[in-house]
Amino acid sequence: RMFANQVLVDRQFNLLETYIGEGLIQHDPEIGDGIAALRSKLHIAASGTPGIMYQQVHRVLAEGNFVLCMSEGRKAGVHSGIYDLFRVADGMIVECWNTVFPIAPPRARRLIRATRSTPSQGSRKGLPKTVVFLQQKMTPSTIFSSTSSL
């Protein structure tokens with residue numbers, strides 16, 4: 001949690017070496033392996049160019065040598081959920097996977113809940129296109145099978 005709060009949310013990039021191992025393997029196709037590539041991508045995002053801005057860490061779960069960090073922020077200006085999975089060895093992050101997905105606005109979330117609670121409706125007519133898209137696309141299998149970048 002300290003890494004997520006200090007480095008990702010508070011943007012204290014000078015602490016990267018405290019948490020990240022030398023041979024970091026990055027599974028994000030837009031970020032190269034190693035601390036230097038991650039630092040560069042985080043600096044670009046922090047400078048206001050389209051990228052990810054972490055705003056809040058909601059939950060951190062660990063089992064064995066894996067840590068899952070569930071956060072909220074913005075990607076290219078869109079309110080987003082961010083999942084980072086880290087593999088840890090000797091107390092350092094040595095491997096990283098991530099996915100980012102848009103979070104529906106509150107009104108759309110209410111509409112999604114309403115349509116799920118009334119299956120007899122059967123029709124999506126009248127729902128905003130965003131809600132229909134989210135109903136079709138935002139399942140656990142689509143969230144964890146996709147990858148997005150920092």
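What you see is a predicted model, and the numbers here were worked out from it, not measured in a lab.

> Sorry, what's going on with the side chain of Gln26 here?
Of note, Gln26 is situated in strand E1 (residues 20-26). Accessibility expressed as a relative area gives 8% for Gln26, which makes it buried. Within the structure, Gln26 has its side chain in polar contact with the backbone nitrogen of Asp28 (distance 3.3 Å). Apart from residues no more than four positions distant in its own chain, Gln26 is found in contact with Ile31, Gly32, Asp33, Leu38, Cys96 and Asn98.

> Explain the layout of surface pockets to me, please; I cannot follow it from the model alone.
In this structure, the second largest pocket encloses a volume near 190 Å³. Lining the second largest pocket are 13 residues, with Arg1, Phe3, Tyr19, Val67 and Ile93 sitting closest to its centre. Only helix H1 (2-9), strand E3 (66-75), strand E4 (78-89) and strand E5 (92-102) provide two or more residues apiece to the lining of the second largest pocket. Examining the composition of the lining of the second largest pocket, we find that three residues originate from one element, H1, more than from any other.

> Just to check I follow, could you spell out the environment of Ala104 for this structure?
Along the chain, the position of Ala104 falls in the loop between E5 and helix H4 (106-117). Ala104 sits 25 residues away from His79 along the chain, and the two C-alpha atoms are 7.9 Å apart.

> Just to check I follow, could you spell out the pairing of E3 for this structure?
Note on strand geometry: in a regular strand, side chains alternate between the two faces of the sheet. The pairing of strand E2 (residues 52-63) with E3 spans 10 bridges and is classified as antiparallel. Looking across to E3, one finds that Val57 is bridged to Ser71. Counting the residues in the hairpin turn of E2 and E3 gives two residues, including Gly64, whose phi is positive at 60 degrees. Direction of pairing for E3 relative to E4: antiparallel, over a ladder of 10 bridges. Of the residues in E4, the one forming a bridge with Val67 is Phe86. Counted between consecutive antiparallel strands, the loop separating E3 from E4 contains two residues, among which Ala76 sits at a positive phi close to 50 degrees.

> How should I be thinking about the environment of Leu24 in this particular structure?
Counting through the fold element by element, Leu24 comes out in strand E1. Between the C-alpha atoms of Leu24 and Val94, which are 70 residues apart in sequence, the distance is 4.5 Å. With residues up to four places along the chain from it excluded, the contact list for Leu24 reads Asp33, Gly34, Leu38, Ile93, Val94, Glu95 and Cys96.

> Even after reading the chapter, I still don't get the packing of aromatic side chains, so can you show me in this structure?
Each aromatic ring pair is summarised here by two numbers: the centre-to-centre distance and the angle between the ring planes. All chains considered together, the criterion is met by four aromatic pairs. Seen from their ring centres, Phe3 and Tyr19 are 5.6 Å apart, and the 65 degrees between their planes marks the pair as edge-to-face. Residue Phe3 is located in helix H1, and its partner Tyr19 is located in helix H2 (residues 16-19); the two are separated by 16 residues in the primary sequence. Like Phe3, the residue Tyr19 is buried in the burial classification. Taking 6.2 Å as the distance between ring centres and 45 degrees as the angle between the ring planes, the aromatic pair formed by Phe66 and Trp97 counts as tilted. Residue Phe66 is located in strand E3, and its partner Trp97 is located in strand E5; the two are separated by 31 residues in the primary sequence. Relative accessible area serves as the criterion here: at 33%, Phe66 is assigned to the partly exposed category. An aromatic cluster of three or more residues is present, and its members are Phe3, Tyr19 and Phe86.

Conventions we followed
- Residues numbered from 1 in each chain as written.
- Predicted model: local features only at pLDDT ≥ 70, side-chain atom pairs only at ≥ 80, totals over all residues.
- Heavy atoms only, no water.
- Helix = DSSP H or I, 4+ residues; strand = E, 2+ residues; numbered from the N terminus.
- Buried < 20%, exposed > 50% of the residue type's maximum accessible area, 1.4 Å probe, protein only.
- Polar contact = N/O pair within 3.5 Å; in protein donor to acceptor, adjacent residues only side chain to side chain.
- Contact = heavy atoms within 4.5 Å.
- 1 Å grid on protein atoms, 1.4 Å probe; cavity = no way out; pocket = protein on both sides within 12 Å on 5 of 7 lines; lining within 4 Å.
- Points joined across faces, edges and corners; volume = space filled by probe spheres on them.
- Pairing = 2+ DSSP bridges.
- Phe/Tyr/Trp six-rings, centres within 6.5 Å; stacked < 30°, edge-to-face > 60°.

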